[in-house]
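# Per-entry structural report
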Amino acid sequence: MSGEWCTIESDPGVFTSLVESFGVKNVEFAELWSLDDESLAALTSPAEGVEGAAVHGLIFLFKWQQQSPSSPSSGGSGEGTPLLGDDVPEGLFFAKQVTHNACATQAILSVLFNTAGSVEEGSESPDDDCGRLLYLGPMLSNFRSFTSAFPPDLRGESIGASDEIREAHNSFGRAEDAFLNDPTKPKREASDDDDVFHFVAYLPFKDGNVYEIDGLKAGPVRVGPCRADGIDNGAEKEWLIVARDAVRARLEGYNPSEIKFNLMAMVQDRRTCLSEKLDGLVSGAGLGDDDPAVVAARSELAGEDEKRAKWSAENARRRHNFLPFGIELLRCLAGTGRFEEYIEQAKKTAGEKRKRAEAWKEKSKALGA
């Protein structure tokens, strides 16, 4: 029986560190703040002089509803309907979510296992195409091979039962949760008033279609055809545009005041892009270290290293148990003789925030009516 899984934060630093703890190389996550063409183009061209950077998939976080909007149906082509049995393309990895709180990791695994040309254990560089190809590593290579013939529900069970995957996932949970939860009492069930969030993946597949992978559905959903090398399917759109349209369709089903969404892309490690650019300037073009283009490229590469260091520090804070500090702080406040006063002030502030939240919720309901 699988152990418990915690919730993890939808954050590029968290997701990048998570996949690296699986043994994955050559990828990172980038947050998308807009769905315009310029933002999508920046994924494949993250810096001046860098073109064709790999984008493996999108991870979309949204507030789950009983009738959550899904990908639109184009009619006649199977789009919008979960594919079952022999209708599922050969080789497409789809796992049912049978483990609570595992949706983030399952969405990530869906992209990793369906990425075209991913390099498995024993096939690392120089065959990774200068970092453009995703390297799975031994753990995930073995897992994909082991579950390749499993039905979707058994694949989901296998993910939940994997100690290595669960421990990597749970390493990003908050340490104080174990102290704040009473194991002798039953866990509180979510009510209709609670916000429940869910992750799904959008990805291109080798058959020339974009798929939505949602572990809560019966099967993968074909979103629509896209341009693909070696496939003449008449598609005019790149896969990111097809996926973008599907995300927009989901957003249209929510109240205009709803803002609790997050969209991230699994992209090629920016350091490999910039290292290739720098090598081209120095070795290819023969530019010296003092050349402005070389200086700028080195600065961009240093910026990526600083970003990684920031992610590492933030993840260390996420993992740190701040509960002892909080208890000691309360003791110090009690020693001032003004503890009761501070408690009353906190109650007053909390009450005001609650009233504002309730007023905003009522206003949102009125706008959506």
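None of these values were measured; they are calculated from a predicted model.

What follows covers the overall build of the protein. The helix and strand inventory of the protein stands at 12 helices and 6 strands. Relative to its full complement of 369 residues, the protein shows a buried share of 40%. Pairs at least 24 residues apart make up 72% of the contacts formed inside the protein by residues separated by at least 6 positions.

How two helices sit against one another is set out by the angle between their axes and by the gap between those axes. Relative to each other, helix α9 (residues 270–284) and helix α10 (residues 292–319) sit at 160°, their axes nearing to 10 Å. Taken together, α9 and α10 sit at an angle that is classed as roughly antiparallel. The handedness of the crossing between α9 and α10 comes out as left-handed. Where α9 approaches α10, its residues Arg270, Arg271, Leu274, Ser275, Lys277, Leu278, Leu281 and Val282 are matched on the opposing element by Ala293, Val294, Ala297, Arg298, Glu300, Leu301, Glu304, Asp305, Lys307 and Arg308. Considering only residue class, the contact of α9 with α10 consists of 8 nonpolar, 1 polar and 9 charged.

What follows deals with the side chain of Thr147. Following the sequence through the fold, Thr147 ends up in helix α4 (residues 138–147). Only 2.9 Å separates the side chain of Thr147 from the backbone oxygen of Phe143, close enough to count as a polar contact.

Time to look at the side chain of Thr272. You can see Thr272 is positioned in helix α9. In this structure Thr272 comes out as buried when scored by relative accessible area, which is 17%.

Glancing now at helix α8 (residues 239–252). Spanning 14 residues, α8 covers 20 Å between terminal C-alpha atoms, matching the ideal 20 Å at 1.5 Å per step. Along α8, the residues classified as buried are Trp239, Leu240, Val242, Ala243, Arg244, Ala246, Val247 and Arg250.

In terms of burial, strand β1 (residues 27–32) is a largely internal element, 5 of the 6 residues being buried. As paired elements, β1 and strand β6 (residues 262–268) share 6 bridges and run antiparallel to each other. Residue pairing in the sheet places Val27 in a bridge with Gln268 of β6.

Moving on to the pairing of strand β5 (residues 221–225). For β5, the tally of buried residues reaches 4 of 5 residues, placing the bulk of the element in the interior. Bridge analysis of strand β4 (residues 209–213) against β5 gives 4 bridges, and the strand direction is antiparallel. Its bridge partner being in β5, Tyr211 is matched across the sheet by Arg222.

Here we come to the packing of aromatic side chains. Summed over all chains, the structure comprises 9 aromatic pairs. Arranged with centres 5.6 Å apart and planes meeting at 25°, the rings of Phe60 and Phe62 form a pair that is stacked. Across the pair, Phe62 and Phe60 agree in class, each one buried. Arranged with centres 5.1 Å apart and planes meeting at 85°, the rings of Tyr254 and Phe261 form a pair that is edge-to-face. The buried category is assigned to Tyr254, whose relative accessible area is 8%. Taking the relative accessible area as the measure of exposure, Phe261 reaches 23% and is therefore partly exposed. Taken together, the ring pairs in this structure connect Phe60, Phe62, Tyr254 and Phe261 into an aromatic cluster. Sitting over the ring of Phe62, Arg250 keeps its end group 4.4 Å from the ring centre.

Rules used throughout
Residues numbered from 1 in each chain as written. Predicted model: local features only at pLDDT ≥ 70, side-chain atom pairs only at ≥ 80, totals over all residues. Heavy atoms only, no water. Helix = DSSP H or I, 4+ residues; strand = E, 2+ residues; numbered from the N terminus. Buried < 20%, exposed > 50% of the residue type's maximum accessible area, 1.4 Å probe, protein only. Contact = heavy atoms within 4.5 Å. Axes fitted to C-alpha atoms, helices over the stretch in contact; angles between N-to-C directions. Parallel < 35°, antiparallel > 145°, perpendicular 65-115°, else oblique. Left-handed = near helix turned anticlockwise from the far one by under 90°. Nonpolar A, V, L, I, M, F, W, Y, C, P; charged D, E, K, R; others polar. Polar contact = N/O pair within 3.5 Å; in protein donor to acceptor, adjacent residues only side chain to side chain. Expected span 1.5 Å × (residues − 1). Pairing = 2+ DSSP bridges. Phe/Tyr/Trp six-rings, centres within 6.5 Å; stacked < 30°, edge-to-face > 60°. Lys NZ or Arg CZ within 6 Å of the ring centre and 35° of its normal.

Fair warning: the whole summary comes from geometry, so function is off the table for now.
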